[in-house]
Amino acid sequence: MSKYKVLVINGPNLNFLGIREPKVYGKETLEDLINKLRKQACELGIELEDFQSNSEGALVDRIQQAYGKVDFILINAGAYTHTSVALLDALSSVDTPFIEIHISNVHAREEFRHHSYLSAKAVGVIVGFGLNGYSYALEQAYHLLEASKS
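Residues numbered from 1 in each chain as written. Predicted model: local features only at pLDDT ≥ 70, side-chain atom pairs only at ≥ 80, totals over all residues. Heavy atoms only, no water.

**A closer look at the overall build of the chain**
Alright, step 1. The helix and strand inventory of the chain stands at five helices and five strands.
Alright, step 2. The C-alpha atoms of the chain give 14 Å as radius of gyration, which agrees with the globular expectation for 150 residues (15 Å, within 12%).
Alright, step 3. Counted over contacts in the chain with a minimum sequence separation of 6, partners at least 24 positions apart contribute 78%.
Alright, step 4. Split by element, the accessible area of the chain, about 7800 Å² in all, is 51% carbon and sulfur.
Alright, step 5. Each charge class in the chain was averaged separately, 14 positive and 18 negative side chains, and the resulting centres sit 3 Å apart. (Helix = DSSP H or I, 4+ residues; strand = E, 2+ residues; numbered from the N terminus. Rg over C-alpha atoms; globule rule 2.2 N^0.38 Å. Contact = heavy atoms within 4.5 Å. Areas by Shrake-Rupley, 256 points an atom, 1.4 Å probe, with all protein chains shown as cover. Lys, Arg positive; Asp, Glu negative; His and termini not counted. Charge placed at Lys NZ, Arg CZ, Asp CG, Glu CD.)

Right, dumping it as structure tokens:
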């Protein structure tokens with residue numbers, strides 16, 4: 001039986017990992033990423049759920065559905081990071097700790113990518129480590145959940 005439940009949420013265009021700008025985002029697909037995370041989660045005793053949508057409303061709905069059912073959220077909101085107060089409100093409403101993830105270094109990119117609506121409420125932000133950022137985030141989520149038991 002899993003100790004914890006973690007939800008991984010991926011926003012717009014992340015379904016095109018491996019296709020979209022491979023020099024920026026790499027050649028691995030979203031399925032490759034989720035399979036690696038499932039293996040890591042299993043080793044940590046975590047039940048992993050994943051969700052991807054290009055629709056802001058669907059992302060808000062999935063976050064709300066997580067209320068009281070998941071222990072931690074890992075989120076790469078894609079472009080909605082820089083535009084969506086609705087995602088921030090949803091994450092704040094469910095009161096579930098979350099880590100914000102970005103595959104690329106958003107601070108080395110266009111100016112509009114430098115601001116995140118989510119960061120102020122995130123436990124932490126992982127930026128620029130490619131898909132490895134998800135593994136770091138999952139490991140940190142585990143450690144934070146373990147520490148909260150003490």
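**Observations concerning helix α5 (residues 132-149)**
Alright, step 1. Between its first and last C-alpha atoms α5 spans 26 Å; for 18 residues at 1.5 Å apiece the expected length is 26 Å, and the two agree.
Alright, step 2. Within the sequence span of α5, burial applies to G133, Y134, A137, L138, A141, Y142 and L145.
Alright, step 3. In this fold, the buried residues of α5 make contact with β1 (4-10), α2 (30-44), β2 (46-52), β3 (72-76), β4 (98-102) and β5 (124-127). (Expected span 1.5 Å × (residues − 1). Buried < 20%, exposed > 50% of the residue type's maximum accessible area, 1.4 Å probe, protein only.)

**Observations regarding α2**
Alright, step 1. Relative to the 21 Å expected for 15 residues at 1.5 Å per residue, α2 spans 21 Å between its end C-alpha atoms, a close match to the ideal helical length.
Alright, step 2. For α2, the complete set of buried residues consists of L30, L33, I34, L37, Q40 and A41. An end-on view of α2 places all buried positions within 125° of arc, on one side of the element. Away from the buried face of α2 by more than 90 degrees, exposed residues E31, K36, K39, C42 and E43 are located.
Alright, step 3. On its buried face, α2 is in contact with β1, β2 and α5.
Alright, step 4. Looking one or two residues beyond α2, the residue adopting positive phi is G45, at roughly 75°. (Arc of directions from axis to C-beta.)

Remember, this is a structural readout, not a statement about activity or role.
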